[in-house]
Amino acid sequence: MTETDGRPVPVISLRGATASLGSRPVLRGVDLAVGRGEVVALLGANGSGKSTAVRAVVGQVPLSEGRLELFGTPLKRFRDWARIGYVPQRTTAASGVPATVREVVSAGRLARTRLRPLGRADRAAVDRALELVGMADRAGDSVNALSGGQHQRVLIARALAVQPELLIMDEPMAGVDVASQEILAGTLREQVAGGATVLLVLHELGPLEPLIDRAVVLRDGCVVHDGPPPRAVGQHALPGHDHVHPHAAHDAEPIRTGLLS
Ligand SMILES: Nc1ncnc2c1ncn2[C@@H]1O[C@H](COP(=O)(O)OP(=O)(O)OP(=O)(O)O)[C@@H](O)[C@H]1O
């Protein structure tokens, strides 16, 4: 691990990040550090700035103030995009152009091949990614024929095909059926066991809860919590708890956290 002053260099270091979309300030001094091998959940209510924060991390939203370093390199000088797999929010693998599942996943490998034709190792990485998300048997199918959950699995396989050290996923479970959620949770478990660093935007921890090391909660473009995931006792102990737990018993009073809504 690269170190300075004996301290490990974070994989993601976002400091004092300020960004606006149009005239609207969306990030207002966000600090977010993710260490090697950590699994961090970015939580918060709709519109709190989660997607904008991860889009800033992958260089898609310019910062008006603040600093971003990836693997210890300032964004301006960072070229090593093959170390990062990014699954954006609510997209589909279908672009209107007919493409097979394998073609879409192979496209994820291009950051490593630098647009050269795929070699044997590349094809093996694509096969492995397809297997990881349980889509190997659909490799030759058109992506237009897939369900929402299968699309999401293909997009995650596309991100995994590059064999990233850092995986960034924006609401990977949104609109995904329960069977696909279980497969995705298993996929992520394998990545984490293999040493991957993970930043996830989540609306709720759900089946990924056991994997999460730390939660960063945004509210109105500011970090309002950075620490243990707000699970069970820890969450309920936090002030202003007003998040409704969907798994609460029907006759139970909703448990709420001010952190997530
Ligand atoms: N292209 C845009 N132009 C102007 N405002 C935008 C744009 N995209 C997002 N916003 C606004 O920026 C704020 C933060 O949006 P963002 O998508 O980062 O929030 P979020 O926490 O990810 O929300 P969600 O959980 O709904 O995805 C919201 O108020 C949103 O309406």
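Refer to the structure presented above.
What you see is a predicted model, and the numbers here were worked out from it, not measured in a lab.

*Asks:* Summarise the environment of Gly72; cite the residues concerned and give the values.
*Replies:* For Gly72, the position within the fold is in the loop between β6 (65–70) and β7 (73–74). Among the residues examined, Gly72 registers 14 C-beta atoms within 10 Å and is labelled partly exposed. For the pair Gly72 and Pro8, spaced 64 residues apart in the sequence, the C-alpha separation amounts to 9.5 Å.

*Asks:* Tell me what's going on with the sheet that holds strand β8 (residues 84–87), and back it up with residues and numbers.
*Replies:* Strand order in the open sheet formed by six strands is β8-β9-β10-β5-β11-β12, and the pairing between neighbours is mixed. A single partner strand is all that each edge strand has here, and the edge strands are β8 and β12 (222–227). Strand-to-strand, the axes of this sheet are offset by a mean angle of 15°, without reference to chain direction. Bridge count for strand β11 (residues 214–219) against β12 is five bridges, and the pairing is antiparallel. Its bridge partner being in β12, Arg219 is matched across the sheet by Cys222.

*Asks:* Mind laying out helix α5 (residues 148–160), listing which residues take part and the relevant values?
*Replies:* When the terminal C-alpha atoms of α5 are compared, their 18 Å separation across 13 residues agrees well with the 18 Å that a helix rising 1.5 Å per residue should span. With 11 of 13 residues buried, α5 lies mostly within the body of the structure. Burial in α5 covers these residues: Gln150, His151, Gln152, Arg153, Val154, Leu155, Ile156, Ala157, Arg158, Ala159 and Leu160. On the buried face of α5, the contacting elements are β8, α2 (101–107), α4 (120–132), β9 (166–170) and α6 (178–193).

*Asks:* So what's going on with the site of the ligand? Which residues, and what values?
*Replies:* As a structural note, the neighbourhood of the ligand is formed by Leu21, Gly22, Arg24, Val26, Gly44, Asn46, Gly47, Ser48, Gly49, Lys50, Ser51 and Thr52. Counting only elements with at least two residues in the shell around the ligand, the list comes to β4 (24–34) and α1 (50–57). A breakdown of the residues in the shell around the ligand according to their chemical character gives two nonpolar, eight polar and two charged.

*Asks:* Provide a residue-level description of the environment of Ala107, including the pertinent values.
*Replies:* On the secondary structure map, Ala107 appears in helix α2. With 15 C-beta atoms packed within 10 Å, Ala107 lands in the partly exposed category. Along the backbone, Ala107 and Val198 are 91 residues apart, and their C-alpha atoms lie at a distance of 21 Å.

*Asks:* Summarise α4; cite the residues concerned and give the values.
*Replies:* Because each turn of an α-helix spans 3.6 residues, side chains separated by three or four positions end up pointing in the same direction. Its 13 residues place the ends of α4 18 Å apart at the C-alpha level, agreeing with the 18 Å of an ideal helix rising 1.5 Å per residue. As for α4, its buried residues are in contact with α2, α5 and α6. Two residues or fewer past α4, Gly134 is found with a positive phi of approximately 70°.

Thresholds applied
Residues numbered from 1 in each chain as written. Predicted model: local features only at pLDDT ≥ 70, side-chain atom pairs only at ≥ 80, totals over all residues. Helix = DSSP H or I, 4+ residues; strand = E, 2+ residues; numbered from the N terminus. Buried ≥ 20, exposed ≤ 12 C-beta atoms within 10 Å, placed from the backbone. Pairing = 2+ DSSP bridges. Axes fitted to C-alpha atoms, helices over the stretch in contact; angles between N-to-C directions. Expected span 1.5 Å × (residues − 1). Contact = placed C-beta atoms within 7 Å. Near = placed C-beta within 6 Å. Nonpolar A, V, L, I, M, F, W, Y, C, P; charged D, E, K, R; others polar.

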